[in-house]
Protein chains: 2
Amino acid sequence: MYDHSCSNCAMSEICLPLGLDKADIGRLEKIVTTSAVRHTGDNIVRQGDAFQNVYAVKSGMTKSYRFDDAGTEYIHSFHLPGELFGLDAIYAKRYGFTVEALDTVVLCEMNFEELQVLCSHVPSLQRQVFNLLSRDLYNSHVNPIEHFDQTAEQKLSGFLHNLLSRFHARGHVSMELHLPMSRRDIANHLGLAPETISRLLKRFQQQNVIDIKNRLVTIVDQVKLESMVHCHALEASITPSEITRSVK
Amino acid sequence: MYDHSCSNCAMSEICLPLGLDKADIGRLEKIVTTSAVRHTGDNIVRQGDAFQNVYAVKSGMTKSYRFDDAGTEYIHSFHLPGELFGLDAIYAKRYGFTVEALDTVVLCEMNFEELQVLCSHVPSLQRQVFNLLSRDLYNSHVNPIEHFDQTAEQKLSGFLHNLLSRFHARGHVSMELHLPMSRRDIANHLGLAPETISRLLKRFQQQNVIDIKNRLVTIVDQVKLESMVHCHALEASITPSEITRSVK
DNA sequence: CGAGAGCTTGAGAATTCTCAAAGTACGTGG
DNA sequence: CCACGTACTTTGAGAATTCTCAAGCTCTCG
């Protein structure tokens, strides 16, 4: 399963990693509630609820989704250990997404109003919150781009590559990805049909890029996976349709 | 063309609309350079340049785009009068996108470092910057969703509807949209082929939803346009393929 | 007025979707 | 501990949308 070692660190290190002095860290820790545990299917926040807290995932995984005016569901993102959610609700004062635990999740919870007051007394904390907001903004500007790429192959390979990068960025080294969400969730998130996800995962396995055991995906050939994200690199090699044919 | 009336307001009203007292507004105005004018094709910032300023568009329109590692171009957004750009570069310390003037553009320019210092002395300004960051984050989480919707019709109708809303939000009342960008730009932005944009615009016109005169689009039936964004509403009416057939 | 970029239109090709059905995994209750 | 039901996943075949390529047209700007 997951590496739960980070549940031993001070939550301030997870939530707001920064060189604050001890007094400031103490003040910060006062406004942080640690060790909120949620289980599969639990809602952490709900779309439309009044905004109050910002959250960091300490272990486990969550998904955030919303229903638009026409009642269509959109799965916007999955949150991994070390990642924050809720910052997009500061302005609207309501959560725009329901965030649900996909497995057993440990959270750290911060009251944003108190955080904001603390920021106005601690300039380096203010800077850090600006940075966190900007980082999220940068990521949603640059990464969603992957999902436009074009082909379903690029979307799914980009998705797997992105998840692996994020795990590795948090110090994990394994090539195993446990995906607690359903194929339907992945499909919705990428704007594809669930059947397409099934077929692609199968093909990736046949191409020796990944290994699938239900919801456990092992990255076998990271280089090949990366080359699939930017399709140009595949020109000289076998095309998807050729693979399909040779398999038949 | 555009309504240039807002170039007469204090730039602080455009950039950071908020109830600051006069002294604070004076300090804010000191860090704002007004009336930077750029012309069609000029780059305002370039992808990879060191981050320094945050910008607000006072009149005209800009597009922001980036090239990924494989050299593929992605047009991320178009900025309308009253809108900000550059906030996503705070964390990375470099601009992630090149921002280019699509016509004659008047800008207001703020040094972010100075803004940040001022924020730590003026709590209400700090709040305002948090709000602006969060608003952008919310918009990129909620709106890009439109682009996943599914059909090309939904993407393009969503794009037109979104532009119209943003113009109206800034006090414009006209149903005319001057689109200074090329069909290719729109296509790239929506992840479609330029030919598809042509064909769809033509069909929208035949359905009496819009009127096209080169790059000037007039929204004829806003209600019908909105219903196209959420495709379900069209079930009872004519389907796209029926239209195409009847036209032939 | 002419050149070039941008736009439109057509026809065929390719990817992805939809619908349908069979297979598999997991949790509950006997 | 096993059986069953439900939800999830996989697989297949045909349908639909969108893309690609190609050619002609139009607008703009020098």
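Residues numbered from 1 in each chain as written. Chains lettered and ligands numbered in written order. Predicted model: local features only at pLDDT ≥ 70, side-chain atom pairs only at ≥ 80, totals over all residues. Heavy atoms only, no water.

Student: How should the protein's contact with DNA strand C be read in this particular structure?
Tutor: As a structural note, the neighbourhood of DNA strand C is formed by 17 residues, with A152, E195 and T196 of chain A together with S198 and K202 of chain B the closest of them. Counting only the atoms of DNA strand C within 4 Å of the protein, the fraction contributed by sugar and phosphate is 59%. In the environment of DNA strand C, a base nitrogen lies 2.7 Å from a nitrogen or oxygen atom belonging to the side chain of E195 of chain A. At the level of elements, α7 (194-206) of chain A together with α6 (183-190) and α7 (194-206) of chain B are the ones that each hand at least two residues to the surface near DNA strand C. A per-element tally of the surface near DNA strand C places α7 of chain B first, with four residues. (Near = heavy atom within 4 Å. Polar contact = N/O pair within 3.5 Å; in protein donor to acceptor, adjacent residues only side chain to side chain. Helix = DSSP H or I, 4+ residues; strand = E, 2+ residues; numbered from the N terminus.)

Student: Explanation requested: the interface of chain B and chain A in the structure shown.
Tutor: Often, the extent of an interface is quoted as the loss of accessible area on bringing the components together. Contacts between the two partners involve 43 residues from chain B and, on the opposite side, 43 residues from chain A. Both faces considered, chain B and chain A share a buried interface measuring about 4,300 Å² in area, 65% of it formed by carbon and sulfur atoms. Among the residues chain B hides against chain A, the three largest losses belong to Y91, F130 and F148 of chain B. Together they make up 16% of the total. Counting the contacts that link chain B with chain A gives two salt bridges. Where R127 of chain B meets E113 of chain A, a salt bridge forms, and the shortest distance between an N and an O atom there is 2.6 Å. Where chain B touches chain A, the interface holds 17 residue pairs in polar contact (both at pLDDT 80 or more). Broken down by secondary-structure element, the contributors of at least two residues to the side of chain B that touches chain A are β5 (73-79), α3 (112-119), α4 (123-142) and α6 of chain B. A per-element tally of the side of chain B that touches chain A places α4 of chain B first, with 15 residues. Of the residues in the side of chain B that touches chain A, the class split is 19 nonpolar, 15 polar and nine charged. (Contact = heavy atoms within 4.5 Å. Buried area = accessible area lost by both parts, 1.4 Å probe. Salt bridge = Lys/Arg side-chain N within 4 Å of Asp/Glu carboxyl O. Nonpolar A, V, L, I, M, F, W, Y, C, P; charged D, E, K, R; others polar.)

Student: Would you explain the domain arrangement of chain A in this entry?
Tutor: Residues and elements named next belong to chain A. One can read the domain layout of chain A as domain 1 (5-142) and domain 2 (146-247). Facing 17 residues of domain 1, the contacting portion of domain 2 comprises 13 residues. Of the roughly 1,300 Å² buried where domain 1 meets domain 2, counting both sides, 55% is carbon and sulfur surface. The three residues of domain 1 that bury the most area against domain 2 are I75, F78 and L80, which together make up 40% of that side's buried surface. Linking domain 1 to domain 2 there are three salt bridges. A salt bridge links R166 to E83, with the nearest nitrogen and oxygen atoms 2.9 Å apart. At the junction of domain 1 with domain 2, the criterion picks out nine residue pairs in polar contact (both at pLDDT 80 or more). With seven residues, the top contributor of residues to the side of domain 1 that touches domain 2 is strand β5 (residues 73-79). (Domains from an automatic or database assignment.)

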